[in-house]
Amino acid sequence: MAEEFLVAQDLYKSFNEHKAVNGVSFTIYKGEIFGLLGPNGAGKTTTIRMLTTVLEPDRGHVTVGGHSIRDNADAVRSLIGVCPQELALYEDLSAIDNMVFFGRMVGLDGREARAQAMAHLELMGLVERAMGKVGKFSGGMKRRINLAIALMGHPELLFLDEPTVGIDPQSRNNIYETIEGLRDRGMTILYTTHYMEEADRLCDRIAIIDGGQIIAMDTPYQLKSRIGPLEQVTLEDVFLKLTGRRLRD
Amino acid sequence: MKQLKHIWFIAMKDLKLFAADRMALSFAILYPFLFVVLFNFLLAGIGGEDERLELHLVTQEAEGGLSHQIIEALQTKDESQLKPGEPRIVWTKDYDEARQAVEDKELGGFLAFPADFTEGVLMGYGAQLEVIAHADAFNTRAALNGLARAIASRVGAQRVANHAIIGLLIEQGLIGQAIQQLFLGQEAIIAEEAFIGFEIEKVGKVEAENPANFVIPGYLVMFTFFTAGLSAVTIVRERQNHTLERLLAGSVRRESILGGIFTGTVAKGLIQIAIFWTAGILIFGIDLGLSPAAVIILSILMVLMSSAFGIMLATLVKTPRSASSIAVLASLVLAPLGGCWWPLFITPEWMQFIAKITPHGWANTGFNKLMVFGADFSAAVPEMLALVGFAVVFGLIAIWRFRTSAV
């Protein structure tokens, strides 16, 4: 039996009268890549913000590595790394300065922060641009830096919120390979994306969320086999069948 | 300890960003100096600079008349011999040209002797001096009136004395009626000896006030507040691009983020005031007064208050654009109201009263007390307390908003 690393139980979060998350429960096992898929406004980002201790749930309980996010948020934060959907970078600083800054903020000393920064930049193929101002980087390079920052401090659980949105195939491929490499090294990952082939390639299990509730959760293989023969069905078919074809805001 | 480290790293990061942002540096340091240089020049007259007054005299008499002798005696021949405060007296030859110059505001005014001045004085029916001055030229008009009165009184006194002597001689039979006419004809010669002196009494020493003593504090107050206000834009932008959220998810507490941002903003302000005061002393020769420590403390309190305002603003607005609009608007409204553009002590009482509702007004009053009016530390304590009050109010609002919804 795999070790449970993140357990979310019955999470609720409302903004004014709108129920953004409405009773979400799931478990992520150590070393797996768990996909959280859903249309726009389904509740993915709100769920991630609660799991990363940024937002407090109205109800429900979450433990990460055995620590409750309510009672021991600091311990939870020391275990996680977050790559937000937005490019959460300082564009006027160099790549290395960005990485060292966030490294220091997760508790690394100066030397260690610099060493990890260089190692992660190398992993992302950006070591030659270490001293370059991030503001002058291409979209793909910024995305890679965004991910590299999340790796500072070697977190045990990584939250990747649409890390490949809007980038070229080369950068996307680099990010895929990086994520696969991280999984091979035993890192646990929660992954959200709108690209179904990406989820199919990377995720061990997938939860589909809509209207603030999880409407399906299984391996990509099992999800696809629910609606037809594997050779004819894609994950996108599953997604559209479960969430409908109605356009979302 | 960990939280203090976080505060330090965030503050250092903000300073690095500040140093990398040329526009921000210009707003914080270069622009204020351009304003200081400009207004230092424009406000140079305020505070009693000792400019020499120029008085023009004109006569409409023909050459040889008494007025020619008076003007000749009065006019300034060597300006280097004039004492401080003494006017320069200029003989202007053409009455019509002088009048036109006054109308054109090229000349403040002049004193004119009439064409029958000598005849009027000698024949005893008097003469009318004419002072022609522009309505705006208060000082020149007053000086010319004084000069005209002095001339009239000296000529009159001389005439009375001459008549008394002649009358006495006639009464005692020492001279006859025929000779009386001769004496009257010689009156000009008698008058010439004792003729007219013009004396200026100068009470005390007029010392020119260095305008930088109120221009630099004024612009320091304005731009410290402006820079801190604009830091709200950076904070809102950080909130929008989720760097603050990233920090929060990375084991940094809200208090540390707030403390770091505040420390960074304060550090920028301190750099600003250090540059301001250093340049003020070295370049503009400002005088920090009897209590430089009070000036420094007042400056630091101004920075703290402005930083608290900047963070409060960041927590109250949603977009960088609204943050920048409000920061600019607040700075441009509060600066003149609070006496940053002109010294409060030259404004009407109602403006000085309005200034009290602005932190700028308190800060500028404190600086003026210390640097212009020579007050000591204790005199500026009310202004210091007022700035602390503003800082506490702004800070409490910022903390309340930051804890609830600002990130």
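Residues numbered from 1 in each chain as written. Chains lettered and ligands numbered in written order. Predicted model: local features only at pLDDT ≥ 70, side-chain atom pairs only at ≥ 80, totals over all residues. Heavy atoms only, no water.

### Overview of the confidence of the model for chain B
Residue and element names in this part refer to chain B.
In step 1: The share of residues in chain B with pLDDT of 70 or more is 80%, and the mean pLDDT across the chain is 80.
In step 2: Looking at the elements of chain B, mean pLDDT is at its lowest for helix 8 (residues 187-194), recorded as 43, and at its highest for helix 12 (residues 292-316), recorded as 93.
In step 3: Confidence drops under a pLDDT of 50 for residues 185-208, and excluding neighbours within four residues, the segment shows 36 contacts in the predicted structure. (pLDDT = per-residue confidence, 0-100. Helix = DSSP H or I, 4+ residues; strand = E, 2+ residues; numbered from the N terminus. Contact = heavy atoms within 4.5 Å.)

### Points about the environment of Glu122 of chain A
All names here are of chain A.
In step 1: Topologically, Glu122 is positioned in helix 4 (residues 110-123).
In step 2: On the basis of relative accessibility, which here comes to 56%, the residue Glu122 falls in the exposed class.
In step 3: Separated by 26 residues in sequence, Glu122 and Ala148 have C-alpha atoms that sit 9.6 Å apart. (Buried < 20%, exposed > 50% of the residue type's maximum accessible area, 1.4 Å probe, protein only.)

### Things to note about the pairing of strand 3 (residues 109-113) of chain B
Residues and elements named next belong to chain B.
In step 1: For strand 3, the tally of buried residues reaches five of five residues, placing the bulk of the element in the interior.
In step 2: Burial along strand 3 is two-sided: Gly109, Leu111 and Phe113 facing one way and Phe110 and Ala112 facing the other are all buried.
In step 3: In terms of strand pairing, strand 1 (residues 54-59) meets strand 3 through four bridges, oriented parallel. If you follow Thr59 over to strand 3, its bridge partner there is Phe113.
In step 4: With four bridges connecting them, strand 3 and strand 4 (residues 130-133) associate as antiparallel partners. Among the inter-strand pairings, Leu111 is bridged to a residue of strand 4, identified as Val131. (Pairing = 2+ DSSP bridges.)

### Re the interface of chain B and chain A
It is common to report an interface's size as the accessible area lost on association of the parts.
In step 1: Across the contact, 23 residues belong to chain B and 27 residues belong to chain A.
In step 2: When the buried area of chain B at its contact with chain A is split by residue, Phe9, Arg246 and Ala249 of chain B rank highest and sum to 30% of it.
In step 3: At the junction of chain B and chain A, the tally comes to three salt bridges.
In step 4: Notably, a salt bridge pairs Lys16 of chain B with Asp97 of chain A, separated by 3.5 Å at the nearest N-O pair.
In step 5: The interface formed by chain B and chain A holds 12 residue pairs in polar contact (both at pLDDT 80 or more) in total.
In step 6: For the side of chain B that touches chain A, the elements supplying multiple residues, two or more each, are helix 1 (2-20), helix 9 (212-240) and helix 10 (243-249) of chain B.
In step 7: With seven residues, helix 1 of chain B is the single largest residue contributor to the side of chain B that touches chain A. (Buried area = accessible area lost by both parts, 1.4 Å probe. Salt bridge = Lys/Arg side-chain N within 4 Å of Asp/Glu carboxyl O. Polar contact = N/O pair within 3.5 Å; in protein donor to acceptor, adjacent residues only side chain to side chain.)

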